[in-house]
Amino acid sequence: MPAQIANHYIGGKLVPEAAGGESLRLENPATGEEFGISPMSSTEMADRAVAAAASAYRDWSETPVGDRVQCLFRYKQILEDNINDVADIVVQEHGKTKAEAIGSVRRGIDCIEFASAAPVLMMGRTLPQIAVSTSFCRTEDEGGVGIDSQVDRVPLGVCVGITPFNFPVMVPMWMWPMAVACGNTFVLKPSERDPFSTLREFELTKDAGFPDGVLNLVHGGPDVAKRLITHEDVRAVSFVGSTGVGESIYKTASGSGKRVQCMCGAKNHSIIMPDANRGAAVEGVLGSAFGNTGQRCLAGSVVVCVGDSGDWFVPALVEAAKGIKVGRGDEQGVSMGPLVSREARDRVAGFIESGVSEGADLILDGREGEMPSSGCFLAPTVFDRATPEMRIVREEIFGPVLTIMRAKTLEDAVEQVNRSEYGNMAVIFTDSGHAARRFQRTAQAGMLGVNVGVPAPMAVFPFAGWKKSFFGDLHANGEDAVRFYTESRVLVTRWL
Ligand code: NAD
């Protein structure tokens, strides 16, 4: 069967890509089999999607919020009913294990549930009798008419989302459910690497009763993204992806007068104290470093062992990492899938090479681990005794490579955390409340964890990256998202 070209979803319809345009051929990263074609569309297709969103905006923003969230209630159920099929598409084009794919869709469903609370979240505030006026009116008994004031939260208009490959279903749901619950309309440009999962997510919105044009999806690469973020009819831009791209999107979109939030790259640290619960520390770091094949912005890719904790932590961690079964995501018993593409695999292998040449101890070499011979596989890799100037310590690898450093004290370990130009997350494993509190008050990262490997916030809390992990003021999710997707409108009233 010839490989299918991903359709766009515009104005409630599947729109085929125009013939003869540029495209990217997609392979299943576990098998190397070609399964689809990602259209690298023209800017005209982006304009068409924005036009559909703009024409749907007026009616949708006037639809009572209680009616708008009915679509989200229905959508949640539809997604629950289709979770297996959606997860299968994620496994096929991204390579995650089935359990990881289902887990990621579930985290997206959390966002739908949170956005369904929009009738409460969007409420304004009032302050009656904020002043008394004595001009232009007869006195009201003793003299003066009361003035009331209120602030409402109102939608912005057309909002745009640009998303990465690593969570093709969940990350778009950090954006569109809250955006449309607040009365905006939306255009998404998903990653060109795994467009079919996100397309399925959008197709299902039709059955939930969202009016045509409220949700639109256009495929493509940087050209389409750049058109969307500067389009005169777009009011807000949400981006998730690498730091270089995010920083440039932030500058361009904010320079074009848009409200912008860019959630970006990361280099996350886990501190192991000598008094930590050993089992919890090893299990927590293992899941954090190698879950999703290391391809997540909350991956704990650097460990700092304090004092003599390395003596027990490092051998136990390596033993556990050897037990990870690498293979196809749809195979029973597999706990780690392939990297997303050949280029990604080669890039990560390049980092392993650089760690060796810079002098770190390669104590588990993922290039030689047990794994299928075809596909984009690398087994877990562990470096020990790395030093701060090495690339494997400073740069985001985005693959199954864990780098271990040693520190004498907690203060030295926190200094390692704070050296990083990124500030997404950091965790500590300890039995000491004092150490945990010192860490909590001094580590410079926006998402902290104590005795947990991945401190991923539930949707009611913001996804709070700092430093070069975030550009903007208001984060995704939590109350930040409500403020991001609404404008404040203040009303001052005097009845004469
Ligand atoms: P990427 O930056 O390559 O691509 C992200 C999106 O930007 C894609 O849709 C892509 O088409 C588009 N894009 C790429 N180059 C562009 C350009 N020059 N101009 C405009 N748009 C462009 O990221 P990726 O490889 O898909 O995803 C991995 C990155 O995402 C990692 O750095 C990871 O840490 C980050 N990420 C961050 C978070 C977070 O919340 N902080 C969450 C998930 C992923």
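Now for a description of the structure that goes with this document. (Residues numbered from 1 in each chain as written. Predicted model: local features only at pLDDT ≥ 70, side-chain atom pairs only at ≥ 80, totals over all residues. Heavy atoms only, no water.)

Quick look at the sheet that holds strand S23 (residues 486-494)
The sheet built from three strands is open, its strands ordered S6-S7-S23 with antiparallel pairing. Only two strands of the sheet have a single neighbouring strand rather than two, namely strand S6 (125-133) and S23. Pairwise comparison of adjacent strand axes, ignoring direction, gives a mean angle of 25° for this sheet. (Pairing = 2+ DSSP bridges. Helix = DSSP H or I, 4+ residues; strand = E, 2+ residues; numbered from the N terminus. Axes fitted to C-alpha atoms, helices over the stretch in contact; angles between N-to-C directions.)

A word on the packing of aromatic side chains
The geometry of an aromatic ring pair comes down to the distance between the two centres and the angle between the two planes. Following the criterion strictly, the structure yields ten aromatic pairs and no others. Both rings, one in Trp176 and one in Phe210, keep their centres 6.0 Å apart while their planes meet at 85°; by these two values the pair is edge-to-face. One end of the pair, Trp176, is in helix H7 (residues 176-181); the other, Phe210, is in the loop between helix H8 (195-207) and strand S10 (215-217), and 34 residues separate them in sequence. Take Trp176 and Phe210: they sit in the same class, and that class is buried. (Phe/Tyr/Trp six-rings, centres within 6.5 Å; stacked < 30°, edge-to-face > 60°. Buried < 20%, exposed > 50% of the residue type's maximum accessible area, 1.4 Å probe, protein only.)

Observations regarding the site of the ligand
Near the ligand, the surroundings consist of 27 residues, among which Thr163, Glu192, Ser242, Cys264 and Glu396 are the closest. Interatomic distance of 2.6 Å between a side-chain N/O atom of Glu192 and an oxygen atom of the ligand. In the model, a nitrogen atom of the ligand is placed 2.6 Å from a nitrogen or oxygen of the Cys264 main chain. Put simply, the parts of the chain that give the shell around the ligand at least two residues each are helix H9 (222-230), strand S11 (234-240) and helix H10 (243-255). Ranked by residue count, the leading element in the shell around the ligand is H9, at three residues. (Near = heavy atom within 4 Å. Polar contact = N/O pair within 3.5 Å; in protein donor to acceptor, adjacent residues only side chain to side chain.)

Focus on the pairing of S11
Most of S11 is tucked away: six of the seven residues are buried. Sheet analysis places strand S8 (residues 158-162) next to S11, joined by five bridges and oriented parallel. Counterpart to Gly161 in the pairing with S11 is Ser238. For the crossover that starts at S11, traverses H10 and ends in the parallel strand S12 (residues 259-263), the hand is right-handed. (Right-handed = clockwise from strand over helix to strand, strands pointing away.)

What about the sheet that holds strand S5 (residues 34-39)?
Taken together, the three strands give an open sheet; going across it, the order is S1-S5-S4, and neighbouring strands pair in mixed fashion. The sheet terminates laterally at strand S1 (4-5) and strand S4 (23-27), the two strands that pair on one side only. Taken together, the two bridges between S1 and S5 define a ladder with parallel strand orientation. Residue pairing across strands places Ile5 opposite Ile37, the latter belonging to S5.

Regarding the nonpolar core
The biggest cluster of nonpolar side chains holds 93 residues, and the ones touching the most others in it are Trp176, Phe186, Phe210, Ile272 and Phe313. Considering every element that reaches this core, the biggest residue donor is helix H4 (residues 98-115), with seven residues. Counting only domains with at least three residues in this core, you end up with domain 1 (4-121 + 154-264 + 469-489) and domain 2 (268-450). What Phe313 contacts, discounting residues up to four positions off in sequence, is Ile272, Ala281, Val282, Val285, Val303, Cys305 and Ile404. In this structure, Val15, Ala52, Val160 and Phe239 belong to the second largest nonpolar core, which totals 26 residues. (Core = buried A, V, L, I, M, F, W, Y, C linked by side-chain atoms within 4.5 Å. Domains from an automatic or database assignment. Contact = heavy atoms within 4.5 Å.)

Thoughts on a nonpolar patch on the surface
A contiguous nonpolar surface patch, about 300 Å² in accessible area, is contributed by Met458, Val460 and Phe461. Looking at where Phe461 falls in the secondary structure, it is placed in the loop between strand S20 (447-450) and strand S21 (466-467). (Patch = residues over 30% accessible without salt bridge, like charges linked within 9 Å, V, L, I, M, F, W, Y side chains within 5 Å. Areas by Shrake-Rupley, 256 points an atom, 1.4 Å probe, with all protein chains shown as cover. Salt bridge = Lys/Arg side-chain N within 4 Å of Asp/Glu carboxyl O.)

Some words on the pattern of salt bridges
Within this structure, the stated rule accounts for 26 salt bridges. In this structure, Glu247 and Lys251 form a salt bridge, with 3.7 Å as the shortest nitrogen-oxygen distance. Here the residue Glu247 and the residue Lys251 both occupy positions in helix H10, the gap between them amounting to four residues, near one helical turn. Judged by its relative accessible area of 56%, Lys251 is exposed. The partner of Arg367 in a salt bridge is Glu353, with the nearest N and O atoms 2.8 Å apart. Residue Arg367 is located in the loop between strand S15 (361-364) and strand S16 (381-384), and its partner Glu353 is located in helix H13 (residues 342-357); the two are separated by 14 residues in the primary sequence.

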